[in-house]
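# Geometric and topological summary
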Amino acid sequence: MNRTITVAAAAGVLTLSAIALTGCSSPHSAGSRVELYDSVPALAADSSIVLSGIVQDQKTANDIPGGSEFTLSTVEVSATAKTDASHPAGSTLVVRQHGSAGNPGPGAMLEQGKTYLLYLSPSGLDGDLASQFSVTGGTAGVYETKQNTAARNAAVTESTLFTKVPSDEGDDLPASLTLEDALKG
């Protein structure tokens, strides 16, 4: 009888562990990140696209069953350090972030009108949402210009300075980067 209880208890623990691990990988979970970044090359390697761009438009969506609110930012690509054929300079893409202005998510949100250096990964979602991107490593992949509005709206060059968006997630990345250094740090 003791053996049956022990086996049943162990099976229960394994089932709960599997559920917990599955929950953390869900596209709409609010759990902690699995990987923290300590180098720009590692962050760039995990990103399918690295670009500078301006947030042209934003909207809030609740388009994942059982999920919460997301902010969808349409970013116009100014320049690229790493890209694919579908996202050259002048194109646009949508960046999906957990949360909204009224219901903040776990990280800093992109802001309309601001210019960013972004490290992006495919959303991993299905259907029309598959074309969207997520920031690699939560806020790890977000740098912004600290220039005035006129300078921010001017063309981004390889020497434009981007500053790391504040985060308490534990990444150890440079405080500032240029597009020229976006892949090597």
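Reading guide: rules and limits
Residues numbered from 1 in each chain as written. Predicted model: local features only at pLDDT ≥ 70, side-chain atom pairs only at ≥ 80, totals over all residues. Heavy atoms only, no water. Patch = residues over 30% accessible without salt bridge, like charges linked within 9 Å, V, L, I, M, F, W, Y side chains within 5 Å. Areas by Shrake-Rupley, 256 points an atom, 1.4 Å probe, with all protein chains shown as cover. Salt bridge = Lys/Arg side-chain N within 4 Å of Asp/Glu carboxyl O. Lys, Arg positive; Asp, Glu negative; His and termini not counted. Charge placed at Lys NZ, Arg CZ, Asp CG, Glu CD. Buried < 20%, exposed > 50% of the residue type's maximum accessible area, 1.4 Å probe, protein only. Core = buried A, V, L, I, M, F, W, Y, C linked by side-chain atoms within 4.5 Å. Helix = DSSP H or I, 4+ residues; strand = E, 2+ residues; numbered from the N terminus. pLDDT = per-residue confidence, 0-100. Contact = heavy atoms within 4.5 Å. Pairing = 2+ DSSP bridges. Phe/Tyr/Trp six-rings, centres within 6.5 Å; stacked < 30°, edge-to-face > 60°. Lys NZ or Arg CZ within 6 Å of the ring centre and 35° of its normal.

## Focus: a negative patch on the surface
- Together, Glu35, Asp38, Asp46 and Asp172 make up a region of like negative charge exposed at the surface.
- Overall, Glu35 belongs to the partly exposed group, its relative accessible area being 40%.

## Examining the nonpolar core
- Leu43, Leu117, Tyr119, Tyr143, Leu173 and Leu177 are the most contacted members of the largest nonpolar core, which has 16 residues in total.
- By residue number, the principal contributor to this core is helix H2 (residues 40-45), which donates three residues.
- Membership of the second largest hydrophobic core comes to 15 residues, among which are Ile49, Leu51, Leu93 and Leu120.

## Focus: the confidence of the model for the protein
- Per-chain confidence: the protein averages 81 in pLDDT, with 78% of residues scoring 70 or above.
- By mean pLDDT, helix H1 (residues 2-24) is the weakest element of the protein at 35, and H2 is the strongest at 97.
- Across residues 1-32 the pLDDT falls below 50, and counting only partners more than four positions away or on other chains, this stretch makes ten contacts in the model.

## Points about the environment of Thr178
- With respect to the helices and strands, Thr178 occurs in strand E8 (residues 176-178).
- Taking the relative accessible area as the measure of exposure, Thr178 reaches 13% and is therefore buried.
- Each C-alpha atom, one on Thr178 and one on Ser159, is 5.3 Å from the other, the two residues being 19 residues apart in sequence.
- For Thr178, the residues in contact, after removing those within four places along its chain, are Leu117, Glu158, Ser159, Thr160 and Leu161.

## Details of the pattern of salt bridges
- Summed over the entire model, instances satisfying the criterion amount to three salt bridges.
- A salt bridge links Lys114 to Glu111; the nearest nitrogen and oxygen atoms lie 3.6 Å apart.
- Residue Glu111 is classed as partly exposed on the basis of its relative accessible area, which comes to 41%.

## A few points about the pairing of strand E7 (residues 161-164)
- Sheet analysis places strand E6 (residues 142-144) next to E7, joined by two bridges and oriented antiparallel. Looking at the pairing, Glu144 lines up with Thr163 of E7.

## Thoughts on the pairing of strand E2 (residues 70-82)
- The sheet contact formed by strand E1 (residues 49-61) and E2 spans eleven bridges and is antiparallel. Looking across to E2, one finds that Ser52 is bridged to Ala79.
- One ladder, built from seven bridges, connects E2 with strand E3 (residues 92-98); its direction is antiparallel. Each residue of the ladder has a partner; that of Glu76, found in E3, is Thr92.

## Side note on the packing of aromatic side chains
- On inspection of all chains with the given rule, the structure shows one aromatic pair.
- With centroids separated by 6.5 Å and ring planes inclined at 55°, the aromatic side chains of Tyr119 and Tyr143 adopt a geometry described as tilted. Here the residue Tyr119 occupies a position in strand E4 (residues 115-122), and Tyr143 occupies one in strand E6, the gap between them amounting to 24 residues.
- What makes Tyr119 buried here is its relative accessible area of 0%.
- Given a relative accessible area of 0%, Tyr143 falls into the buried group.
- The positively charged end of Lys164 is found above the aromatic ring belonging to Tyr143, 5.3 Å away from the centroid.

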